[in-house]
Amino acid sequence: MFEMLAKMFSYHFMVRAAVVGLLVSLCAALLGVSLVLKRYSMIGDGLSHVGFGALAVASALGLAPMVVSIPVVMLSAVLLLRLSSRARLKGDAVIAMISAGALAVGVIVLSLSNGTTGDVNNYLFGSVLAMTGEDVWLSAGLAVVVLILFGIYYRKIFAVTFDETFARATGEKAEAYHLLLACLTALTIVLGMRVMGAMLISSLIIFPALTAMRVCRSFRSVTICAALVSVCCFMLGLCASYLLDTPTGASVVVANAAAFLLFWFAGRLRERG
């Protein structure tokens, strides 16, 4: 076992994937608890499609993909919140509208460009080989920023998650904290697209939170459990992809699905007991 791990992490691309993947998994799990509780879990799926469209355009124009996609996805998160709170279109309808439009733009750009399909496919489905040293440093730095901001505003996020009306009544700027949550989610989505891919990154937001809720009851315990489940499932998926030669993103999702079933079964046993 230890020999296998030593050999696996003797490859630099595996070390880079592990560092970025663990940080992104942790960020996604922490943010996912609030998103799931507010019935806004599909925001990750919508923003990942926006990220794909931005990456396709950046690759076609020869621009730095991360530099282009981060502001575009963050602006889309802000727009999504504005539309869902002030317009007649609500929640899932807004997400579907923005994600479908962005995905269509990405497909059209790919069909009109030459020589960019392989690189963008790495973002669409994920690839541990796509991580460069610069990507690792940028992703690690931004992930630390996400974790620090979440820690600083943890109590505020908790307040607007469970009782937004009471939070507003006590003078909390609920809209500002919703905006912060959306921007942190957008940043996490973009960071994780290299390893997980645009089509699977939202699973890191949804699965750990739902898994932790099968056995935990308080917000703090769910958050801690979701974080632990997320990082463990990522490592299991990464190791499985190395041993079985399977796609990393898909392997991580399967590991999360297995963890959900295990926790669901444990929760049912506890209820019956």
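How each quantity is defined
- Residues numbered from 1 in each chain as written.
- Predicted model: local features only at pLDDT ≥ 70, side-chain atom pairs only at ≥ 80, totals over all residues.
- Heavy atoms only, no water.
- Helix = DSSP H or I, 4+ residues; strand = E, 2+ residues; numbered from the N terminus.
- Rg over C-alpha atoms; globule rule 2.2 N^0.38 Å.
- Buried < 20%, exposed > 50% of the residue type's maximum accessible area, 1.4 Å probe, protein only.
- Contact = heavy atoms within 4.5 Å.
- Patch = residues over 30% accessible without salt bridge, like charges linked within 9 Å, V, L, I, M, F, W, Y side chains within 5 Å.
- Areas by Shrake-Rupley, 256 points an atom, 1.4 Å probe, with all protein chains shown as cover.
- Salt bridge = Lys/Arg side-chain N within 4 Å of Asp/Glu carboxyl O.
- Core = buried A, V, L, I, M, F, W, Y, C linked by side-chain atoms within 4.5 Å.
- Axes fitted to C-alpha atoms, helices over the stretch in contact; angles between N-to-C directions.
- Parallel < 35°, antiparallel > 145°, perpendicular 65-115°, else oblique.
- Left-handed = near helix turned anticlockwise from the far one by under 90°.
- Nonpolar A, V, L, I, M, F, W, Y, C, P; charged D, E, K, R; others polar.
- Expected span 1.5 Å × (residues − 1).
- Phe/Tyr/Trp six-rings, centres within 6.5 Å; stacked < 30°, edge-to-face > 60°.

Caption draft 1: Up close: the overall build of the chain. Scanning the chain from terminus to terminus reveals 13 helices and zero strands. Written out in order from the N terminus, the α and β elements of the chain read α-α-α-α-α-α-α-α-α-α-α-α-α. Against the compact-globule benchmark of 19 Å for 273 residues, the chain has a radius of gyration of 19 Å, which places it among compact chains. If one aligns the C-alpha atoms of the chain with their principal axes, the spans along those axes are about 55 × 45 × 30 Å. Across the 273 residues of the chain, 49% fall into the buried class. Taking all contacts inside the chain whose residues are at least 6 apart in sequence as the whole, residues at least 24 apart take part in 78%.

Caption draft 2: Up close: the side chain of Thr188. With respect to the secondary-structure elements, Thr188 resides in helix H10 (residues 174-196). Contact partners of Thr188, with chain neighbours within four places excluded, come to Val24, Cys27, Ala28, Leu31 and Val146.

Caption draft 3: Region of the structure containing a nonpolar patch on the surface. A cluster of nonpolar residues, Val144, Ile148, Ile152 and Tyr153, forms a patch on the protein surface that exposes about 360 Å² of accessible area. Residue position: Val144 is located in helix H7 (residues 133-152). Taking the relative accessible area as the measure of exposure, Val144 reaches 40% and is therefore partly exposed.

Caption draft 4: Summary view of unusual backbone geometry. Positive phi is not limited to glycine here, since Asp245 has a value of about 60 degrees. By secondary structure assignment, the location of Asp245 is in the loop between helix H12 (219-244) and helix H13 (248-272). Here Asp245 falls in the exposed class, since its relative accessible area comes to 71%.

Caption draft 5: Summary view of the environment of Tyr123. Mapped onto the secondary structure, Tyr123 falls in helix H6 (residues 117-125). Along the chain, Tyr123 and Met199 lie 76 residues apart, while their C-alpha atoms are 8.7 Å from each other. Once residues lying within four places of it in the same chain are set aside, the contact partners of Tyr123 are Leu55, Pro65, Met193, Arg194, Gly197 and Ala198.

Caption draft 6: Spotlight on the nonpolar core. Core analysis: the largest hydrophobic core is formed by 76 residues, its most contacted members being Ile43, Leu47, Leu80, Met193, Ile201 and Leu204. The element best represented in this core is helix H2 (residues 12-37), accounting for 13 residues.

Caption draft 7: Layout of the packing of helix H11 (residues 203-213) against H12. It is at 8 Å that the axes of H11 and H12 come closest, and there the two elements cross at 125 degrees. The orientation of H11 relative to H12 falls into the category oblique. When you trace H11 past H12, the crossing you get is right-handed. On the side of H11, the interface is formed by Pro208, Ala209, Thr211, Ala212 and Met213, while H12 contributes Val222, Cys225, Ala226, Val229 and Ser230. Among the residues forming the contact of H11 with H12, the class breakdown is eight nonpolar, two polar and no charged.

Caption draft 8: A look at H10. The end-to-end C-alpha separation of H10 is 31 Å, in line with the 33 Å expected for 23 residues at 1.5 Å each. Of the residues flanking the end of H10, it is Gly197, one or two places downstream, whose phi is positive at about 90 degrees.

Caption draft 9: View of the side chain of Ser251. Mapped onto the elements of the fold, Ser251 is located in helix H13. The class of Ser251 is buried, set by a relative accessible area of 10%. When sequence neighbours within four positions are dropped, the list of residues in contact with Ser251 reads Gly237, Ser241 and Thr246.

Caption draft 10: Spatial organisation of the packing of aromatic side chains. One pass over the full model with this rule turns up six aromatic pairs. A ring pair is formed by Tyr11 and Tyr242, whose centres lie 6.4 Å apart and whose planes are at 50 degrees; its orientation type is tilted. Within this pair, whereas Tyr11 is found in the loop between helix H1 (2-8) and H2, its partner Tyr242 is found in helix H12, the two being separated by 231 residues in sequence. Look at Phe150 and Tyr154: their rings are 6.0 Å apart centre to centre, the planes differ by 70 degrees, and that puts the pair in the edge-to-face class. The pair Phe150 / Tyr154 is uniform in exposure class, with both members buried. Counting every residue linked through ring pairs, the aromatic cluster contains Phe150, Tyr154, Phe158 and Phe219.

Interpretation note: all reported values are geometric properties and have no functional meaning in isolation.
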